[in-house]
Amino acid sequence: METKETPEARAVENGANPFDTLWNMATGYCVSRCLHTVADLGIADALDDSPRTADDLADSVGADADALSRILRLLASHGVFEVRGGMFGHSEASRMLREDHPRSMRDHARMWGMPVFWRSFDAMGHSARTGFPAMPEVFPEGLWARFAEHPEEARVFNGAMVAKARGAIMGVLASYDFSNFHTIGDIGGGSGHLLRAVLDAAPEARGVLFDLPHVIEEASVASERLSLRAGDFFRDELPECDAYLLMEIIHDWDDEKSVAILRAVRKAAPAGAKVLLVESIVPDDSGPDRSKTLDIVMLTLLGGKQRTQKEYEELLEKSGFAFRREIDTGAGVSILEAEAV
Ligand SMILES: C[S@@+](CC[C@H](N)C(=O)[O-])C[C@H]1O[C@@H](n2cnc3c(N)ncnc32)[C@H](O)[C@@H]1O
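Before going into details, it helps to say that this report is about the structure given with it. (Residues numbered from 1 in each chain as written. Predicted model: local features only at pLDDT ≥ 70, side-chain atom pairs only at ≥ 80, totals over all residues. Heavy atoms only, no water.)

Strands in a sheet are paired, the pairing made by backbone hydrogen bonds, and the direction either parallel or antiparallel. Taken in spatial order, the seven strands line up as β5-β4-β3-β6-β7-β9-β8 in an open sheet, and their pairing is mixed. The sheet is open, and its two borders are formed by β5 (226-230) and β8 (321-328), each paired with just one other strand. Between one strand and the next, the sheet's axes are offset by a mean angle of 20 degrees, whatever the strand orientation. Across seven bridges, β8 lies against strand β9 (residues 334-340) in antiparallel orientation. Paired with D328 across the two strands is S334, which belongs to β9. Each of β7 (274-279), β8 and β9 touches helix α17 (residues 309-318); the most contacted strand, β8, lies at about 150 degrees to it. (Pairing = 2+ DSSP bridges. Helix = DSSP H or I, 4+ residues; strand = E, 2+ residues; numbered from the N terminus. Axes fitted to C-alpha atoms, helices over the stretch in contact; angles between N-to-C directions. Contact = heavy atoms within 4.5 Å.)

Pasting the structure below:
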């Protein structure tokens, strides 16, 4: 067969069919939405090692059997759940949607489907047109104030943060020696999952978890070596420490607010203290990378951005820190180390 010399024909020859590329991308949210829905319904928890029929599962969770079987059929075609002889069973991925899985991703899947995420993406055209976040168009109070007023959404978000951070924390611990620090502050540390792991690796150190009051109220991690401090990093004094962790904090904010946060850290930090930003760096190459997706999330929800190493260096230098090095943890995040000067 003669092949026409068009870009589309060449793409088909190379195995990348442009029609399929566009179809899959344009409809991708059907799959995401099915995932949010089954995570909300708790289907994975209703299923143990024995496969069940859709009727039976639907009865357990209060769903329509036909609709549920079609939702699960689509998810199974993407590797989440398995269809076996008209019954539905677990795949490795669907097991991780269970609440009691040691690496549960249930809250993570639910977070992306929460109205505050979903409806903000509905309004994303606003971000594309103006460069400003879309979320305030639909939720004028913004993400953090909304969580203060909606404890169940805040709980899901904080659970999602724990879930997304598991691999990153292992990477951070394997790549950085915390044992010489006396006091380590985790600024915007959420539930304290990173700080607790770091303190386990640095048994001589003490830790201070700093976050908004509603987060600190729920963070039941205080111990003899880990103290809690509720506050707002734009208004309140930060603790004096010799190392500051900021994991996925700076990416939430535009440059001006990022510098304000880092200057607040600098104000509290004695000379020589280290600041350690844990972030996914946008790579130079044009291939797919999770940081490029996160970047659009930051644009749409918060007006923040995922940055290149150079951009992080510039923010740190503007805020009274000398950039020292970037450490790729191999777990999707880098540590950007800088020193208070
Ligand atoms: C993206 S989460 C990151 C949580 C955690 N560091 C992690 O990576 O898993 C951002 C955190 O910043 C906190 N935060 C937002 N605004 C804040 C403020 N003004 N002062 C203190 N913490 C704030 C949020 O409550 C949330 O815990």
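This brings us to the site of the ligand. Taken together, 21 residues form the shell around the ligand, and within it K164, G188, H193, D211 and M247 come nearest. G188 is positioned such that a nitrogen or oxygen atom in its backbone is 2.8 Å from a nitrogen atom of the ligand. In the environment of the ligand, a nitrogen atom lies 2.9 Å from a nitrogen or oxygen atom belonging to the side chain of D232. Summarising the interface, the protein chains cover 96% of the accessible area of the ligand, which totals 580 Å² for the free molecule. If you list the elements that add at least two residues to the shell around the ligand, you get α12 (151-175) and β4 (206-211). When residues of the shell around the ligand are assigned to their parent elements, the largest contribution, three residues, is made by α12. (Near = heavy atom within 4 Å. Polar contact = N/O pair within 3.5 Å; in protein donor to acceptor, adjacent residues only side chain to side chain. Areas by Shrake-Rupley, 256 points an atom, 1.4 Å probe, with all protein chains shown as cover.)

Here we come to the side chain of S120. Mapped onto the secondary structure, S120 falls in helix α8 (residues 115-122). For S120, a relative accessible area of 0% gives the class buried. Those residues in contact with S120 that lie beyond four places of it in its chain are P115, A134, M135, V138, F139, T300 and L301. (Buried < 20%, exposed > 50% of the residue type's maximum accessible area, 1.4 Å probe, protein only.)

To continue, consider the nonpolar core. Y244, L246, V275 and L277 are the most contacted members of the largest nonpolar core, which has 29 residues in total. Taken together, the elements giving at least two residues each to this core come down to β6 (243-247), α15 (255-268), β7, α17, β8 and β9. Considering every element that reaches this core, the biggest residue donor is α15, with six residues. If we ignore the near neighbours within four places in the chain, the residues touching V275 are Y244, L246, V265, L316, F321, L336, E337 and A338. (Core = buried A, V, L, I, M, F, W, Y, C linked by side-chain atoms within 4.5 Å.)

Moving on: the packing of aromatic side chains. This model, assessed by the stated rule, comprises 11 aromatic pairs. Ring centres of Y176 and F178 lie 4.9 Å apart, and the angle between their planes is 55 degrees; this geometry places the pair in the tilted category. Residue Y176 shares its accessibility class with F178, and that shared class is buried. Taking the centre distance of 6.4 Å and the plane angle of 5 degrees together, the rings of Y176 and F181 count as stacked. The two residues Y176 and F181 agree in class, both being buried. Clustering of aromatic rings is evident, with ring pairs tying together W144, F147 and F157. Lying over the aromatic face of W118, R33 brings its terminal NZ or CZ to 3.9 Å of the ring centre. (Phe/Tyr/Trp six-rings, centres within 6.5 Å; stacked < 30°, edge-to-face > 60°. Lys NZ or Arg CZ within 6 Å of the ring centre and 35° of its normal.)

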